[in-house]
Each structure stands twice: as structure tokens, then as C-alpha cells.
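# Structural description and commentary
Now for the letters of each chain:
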Amino acid sequence: MNTVAVLGLGDMGSALARALLSAGHAVTVWNRSAAKAEPLADLGATVAGSAAEAIATSELAVACLLDYASVREVLGTASLSGRTVVNLTNGTPRQARELAEWVAARGGKFLDGGIMAVPPMIGKPGAFVFYSGPRDVFDAHRDAFAAFGGINYAGEDPGLAALHDLALLSGMYGLFVGVLQAYALIRSEGLSAVEFAPLLSGWIAAMAGFTEQTAVEVDRGDYSQGVVSNLAMQAAAFDNLPAAAADQGVSAELIAPLHRLLVRGVADGRGAQNLSSVIELLKK
Ligand code: NDP
């Protein structure tokens, strides 16, 4: 019973199955469209005729499907009694907590996960996965998880892996918002984004150094210490970003939300504080 089942053989599920096989695990795979199982069969995986069959022959089932609705649809066809399901499908903390209850009600054990890698990175340095759910269940399957890359246990609450995953993705998308806006400005004058890229990545690397200091301010809830670039100054300078974009024929829609928050922050009396104080305006 030490076979690992992989349910879902899209780009990511196939990468997970390949990594398990490379690490020497016995792997049973299933995918809705059967053709995607063929390359895994060539690598030594057993191909199950149904998700129920894959789960029945494996103590651990890794689900990596499009969304939580498809996970429930697939798991709903199987008996989960005595089985462990680790769901590596992207979702929200609430979805993970609800799925944990749903699996438990069917007699299964559950972990949720968040994959911090693209498929070619799986099993290679730099890839890691968040896991959350009962510690003993997590510990029992560490060997299998090691095949995917780094392991980050986020806690017993099944929603914590998704919370950490989405927090990191928020940072990533924030980065891409800035990168796209910067290139749009550069291209508006017909300049080369490729030539500009080293300046941008160097600048982003320098600014990333403020991440830790911002965390200290946010945890303390005190945004008034060591202010060298106060919010009022930053809000005034930020006015130039949408203004220049408009002049250059570039939309400001990517940066408009932060602009509104800076203006609100100053109106709220936060002008002498650090930029980090706008986090207070995000609380609902
Ligand atoms: P793909 O689109 O490549 O694959 C989607 C998979 O879901 C396929 O196996 C598909 O089956 C299956 N599926 C969809 N709907 C159903 C359904 N109703 N019933 C059964 N199976 C279904 O996506 P990825 O593999 O790239 O992503 C899978 C998960 O991994 C997602 O949650 C994604 O967010 C996450 N992820 C992906 C990353 C990436 O870079 N690719 C990075 C990090 C996380 P079929 O082949 O039959 O269509």
C-alpha cells in the first residue's frame, strides 16, 4: 500500500507524477482524458481506469486538478475511507477548510497544499510546496512530498497552505503589475524593453530589500519610526505616474488602485508615516 496515486495529469499533475517516479515511488495515475497518462505509463506508472481504482490501490492520493469543483467531482466517485488525500489544486483557505471537512466526512485524511513552482521546476532546486493539515498525516508522507522539492509545513489548519500560497502570489502579481507598467512606458517611446530590463531587475532587487523592514512595521502596527520617504511625498510623486502614462498613451489601470490608496492615506492623516501604513486601509 505504499503506492502514490496522482489524480489529474495536466501540466502540473504530470510533473508531480514524473517526480515521484524519478524518486523511486510506485505511482498509479489517472486523468479524465486517458491519453495524458500514456507518457507516464512509458516511465513506469500504472494507469488506473478510474479515479476510484487509483485511490483504492494507494494509501496516498495526490489531486492536482483545475479547481476545487473538479476535485470534489473526482473524489466523489471513490471510497476515501482510510485513505489520505493531499490536494495540490490552487484554491482559497475557505475552500481548503471545507474540502477537509468533506473528506473527513467520507472517512479520509486530508492535507491541502500550495505549489510554489511551475511544472519544469518540480523536483528541482527552487521548487517548494506548502502543506497544511494534521501534523501526523503530514509526517507520514514526507518521503513522497520530498520528491516535489522543498517542503514547507504551514500548520494544522488546512487553510494555511492556501493562505501562504496566495500571499506569495499576491507579491508576485504586484511585481508583474510594476514590470508591465514599466515596459509599457518604455515601449511608448519605442525604446527596447530588453535593453531596459537590467535596470528594472536591478531596481526591483534593491527595493526588495525593504520587504523585511516593512514586515517589522506591519507587525508592530507602528508606521512612524525611521521615516525617510513619507507618504505625503510619495503620494505627490505617484501623481506623476498616471499623469505621465496618460501623456504617453498608456493606461494607468494597473497602478490606479495604489494611487487611490495613497491619496486616501494622506487624507486619513497618514502623510508623515511610512508607505506601509496604507495596509491599515486594506482592513475590512
Ligand atoms: P492543466 O490545465 O494543465 O490541467 C488541468 C487538469 O484538470 C487536467 O488533468 C484536466 O483533465 C483536469 N480537469 C479539469 N476539470 C476536470 C473535471 N471536471 N474532472 C476531472 N478532471 C478535470 O492545469 P495544471 O496542471 O497546470 O494545473 C493544475 C493545478 O495546479 C491548478 O490548480 C493550478 O493552479 C496549479 N498550479 C499550476 C501551476 C502551473 O504553472 N501550471 C503552478 C502552480 C500551481 P483533462 O486533461 O481531462 O482536461
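Here the structure is shown first, and the text comes after it.
Let me begin by describing the structure that accompanies this report. (Residues numbered from 1 in each chain as written. Predicted model: local features only at pLDDT ≥ 70, side-chain atom pairs only at ≥ 80, totals over all residues. Heavy atoms only, no water.)

Pairing between side chains becomes possible if they bear opposite charge and their charged atoms approach one another. Summed over all chains, the structure comprises four salt bridges. One salt bridge in this structure joins Arg97 and Asp157, with 2.9 Å as the shortest N-O distance. In this pair, Arg97 is assigned in helix α5 (residues 93-105) and Asp157 in the loop between β8 (150-155) and α8 (160-187), connecting sequence segments 60 residues apart. Look at Asp157 and you get partly exposed, because its relative accessible area is 27%. The residue Glu280 makes a salt bridge to Lys283 at a minimum N-O spacing of 3.0 Å. Among the residues examined, Glu280 registers a relative accessible area of 22% and is labelled partly exposed. (Salt bridge = Lys/Arg side-chain N within 4 Å of Asp/Glu carboxyl O. Helix = DSSP H or I, 4+ residues; strand = E, 2+ residues; numbered from the N terminus. Buried < 20%, exposed > 50% of the residue type's maximum accessible area, 1.4 Å probe, protein only.)

Let's shift gears to the pairing of strand β1 (residues 4-7). Both faces of β1 are covered, namely the face carrying Val4 and Val6 and the face carrying Ala5 and Leu7. Relative to strand β2 (residues 27-30), β1 is paired through four bridges, and the arrangement is parallel. Looking at the pairing, Leu7 lines up with Trp30 of β2. Between β1 and its parallel partner β2, the chain crosses via helix α1 (residues 11-22), and the hand of that crossover is right-handed. Across four bridges, the pairing between β1 and strand β4 (residues 60-63) is parallel. From the neighbouring strand, Val4 faces β4, where its bridge partner is Leu60. (Pairing = 2+ DSSP bridges. Right-handed = clockwise from strand over helix to strand, strands pointing away.)

Residues in contact with the ligand amount to 22 residues; listed here are only the nearest, Met12, Asn31, Ser33, Lys36 and Asn90. Between an oxygen atom of the ligand and a main-chain N or O atom of Asp11, the distance comes to 3.0 Å. Between the ligand and Lys36 there is a distance of 2.6 Å, counted from an oxygen atom to a side-chain nitrogen or oxygen. Burial of the ligand by the surrounding chains reaches 77%, relative to a free accessible area of 900 Å². For the shell around the ligand, the secondary-structure elements that each account for two or more residues are α1 and α4 (68-75). (Near = heavy atom within 4 Å. Polar contact = N/O pair within 3.5 Å; in protein donor to acceptor, adjacent residues only side chain to side chain. Areas by Shrake-Rupley, 256 points an atom, 1.4 Å probe, with all protein chains shown as cover.)

Where α4 contacts α5, the two axes come as close as 11 Å, and the packing angle between them is 5°. It follows that α4 is roughly parallel to α5 by the angle criterion. Of the residues in α5, those touching α4 at Tyr68, Val71, Arg72 and Leu75 are Gln95, Ala96, Glu98, Leu99, Trp102 and Val103. Per-class residue counts for the contact of α4 with α5 are seven nonpolar, one polar and two charged. (Axes fitted to C-alpha atoms, helices over the stretch in contact; angles between N-to-C directions. Parallel < 35°, antiparallel > 145°, perpendicular 65-115°, else oblique. Contact = heavy atoms within 4.5 Å. Nonpolar A, V, L, I, M, F, W, Y, C, P; charged D, E, K, R; others polar.)

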